[in-house]
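# Understanding the architecture of this molecule
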Amino acid sequence: ADHRDLHLSFRRQRQLCLRDWSWRLHEMPEKLIRITRRLVRELEPLRFSDPIACDYNQLVYARRAHEQYIRRFARRGVESVLLGINGGPFGMAQTGVPFGEVHHVRDWLGIEEKIDKPPLEHPKRPIQGFDCTRSEVSGARLWGWAKETFGKPESFFKQFYIVNFCPLIFMEDSGRNLTPDRCPSEVREKLLEICTRALRDTVEYLGPRRVIGVGNFAEGRARECFEDLPVEIGKVLHPSPRSPAANRGWAEAARRDLERCGVKLPA
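These lines cover the structure that appears in this document, whether it is placed above or below.

## Thoughts on empty space enclosed by the protein
Using the criterion set out here, one finds 2 cavities of 30 Å³ or more in the structure. Put simply, the largest cavity is a space of about 260 Å³. In terms of lining, the largest cavity is formed by 20 residues, of which the most central are Thr36, His66, Val163, Asn164 and Thr202. For the lining of the largest cavity, the secondary structure elements donating two or more residues are α1 (2-43), α3 (63-73), β3 (160-164) and α8 (185-206). Split by residue class, the lining of the largest cavity holds 16 nonpolar, 4 polar and no charged. Along the walls of the second largest cavity sit Leu82, Leu142, Trp145, Val236, Trp250, Ala254 and Leu258, which together make up its complete lining. Breaking the lining of the second largest cavity down by element, the ones donating at least two residues are α6 (137-150) and α11 (250-260). Looking at which element gives the most residues to the lining of the second largest cavity, the answer is α11, with 3 residues.

So this is what it looks like as structure tokens:
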């Protein structure tokens, strides 16, 4: 009887452990989703003026795709977080995924959701979602490198996770993209404060060893955001086509930068 009771006790403990683990797996992405939804609420009252003619928040009209990205690929204890600044007009603006060039998001990451329209749409930057036929060069380079290096998305996300500092896309009358630091001074401080709080909460929850800024501006934001947290800060060349260095071979340059940050990559 004692042996039977002991066996039942171990079995009961195992069931409780499995139940607890299952709950934690479910809770993990939901925590990040709550952070993004709070970010949306805090950004909503902000109003932007010249030189900003129009702004899009992908966490609103592309919410389904973005939350699928979180649920499928976010995990605690990831080694490195790659930090972008804000989305591009033919990338995250269309798919809701950071650096989210349509082809790679749909065909490699396996994400394809209905994308709504923003309340005010810039005539030169229409939102077509996964019907968009233009390629975002930065996203094609980054996700193309990930695919070439790791083969499967699951292998890439065991080591990396990608987030953006700001979910808003800012456009001039011409349709040209603006980074958050170009916002009018009267709202810039509040914008940076809100985005910094969400980024810190995200990184504290993911618990990475390092945060690597994609480009100089992202590295600077990372150093300012995490100066009091025990995470290493690094930088990788931005894959923008406006960068001569990126145009000379971004994948090779990115590998060198990542290895200098201490990242070990597949041969």
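## Focus on the nonpolar core
Counting residues in hydrophobic clusters, the biggest one holds 83 residues, and the most contacted among them are Tyr69, Trp143, Phe156 and Tyr161. A per-element tally of this core places α8 first, with 10 residues. In this structure tyrosine 69 touches Ala74, Val97, Pro98, Ile111, Trp143, Phe157, Tyr161 and Ile162, once residues within four positions along its chain are discounted.

## Remarks on the pattern of salt bridges
All chains considered together, the criterion is met by 24 salt bridges. Aspartate 116 is the salt-bridge partner of arginine 64, the closest N and O atoms lying 3.2 Å from each other. Residue arginine 64 is found in helix α3, and its partner aspartate 116 is found in the loop between α5 (102-107) and α6; the two are separated by 52 residues along the sequence. A residue is classified by how much of its surface remains accessible, and arginine 64, at 32% relative accessible area, is partly exposed. Residue classification places aspartate 116 among the partly exposed residues on the basis of a relative accessible area of 26%. Salt bridges linked by common partners bring Arg38, Glu42, Lys190, Glu193, Arg197 and Asp201 together as one network.

## Thoughts on the layout of surface pockets
Estimated volume of the largest pocket: approximately 880 Å³. Along the wall of the largest pocket there are 37 residues; nearest its centre are Ser138, Asn177, His238, Ser240 and Arg242. Elements with a minimum of two residues in the lining of the largest pocket: α6, β5 (177-178) and α9 (216-225). For the lining of the largest pocket, the per-class residue count stands at 12 nonpolar, 17 polar and 8 charged. There is about 430 Å³ of room inside the second largest pocket. Lining of the second largest pocket is provided by 18 residues; of these, Glu44, Arg47, Asp55, Asn57 and Pro119 occupy positions nearest its centre. Of all the secondary structure elements, the ones that give two or more residues to the lining of the second largest pocket are α1, β1 (54-57) and α2 (58-61). Broken down by element, the residue count for the lining of the second largest pocket peaks at 4 residues, all from β1. In terms of residue class, the lining of the second largest pocket is made up of 14 nonpolar, 1 polar and 3 charged.

Conventions and cut-offs
Residues numbered from 1 in each chain as written. Predicted model: local features only at pLDDT ≥ 70, side-chain atom pairs only at ≥ 80, totals over all residues. Heavy atoms only, no water. 1 Å grid on protein atoms, 1.4 Å probe; cavity = no way out; pocket = protein on both sides within 12 Å on 5 of 7 lines; lining within 4 Å. Points joined across faces, edges and corners; volume = space filled by probe spheres on them. Helix = DSSP H or I, 4+ residues; strand = E, 2+ residues; numbered from the N terminus. Nonpolar A, V, L, I, M, F, W, Y, C, P; charged D, E, K, R; others polar. Core = buried A, V, L, I, M, F, W, Y, C linked by side-chain atoms within 4.5 Å. Buried < 20%, exposed > 50% of the residue type's maximum accessible area, 1.4 Å probe, protein only. Contact = heavy atoms within 4.5 Å. Salt bridge = Lys/Arg side-chain N within 4 Å of Asp/Glu carboxyl O.

By themselves these figures say nothing about function.
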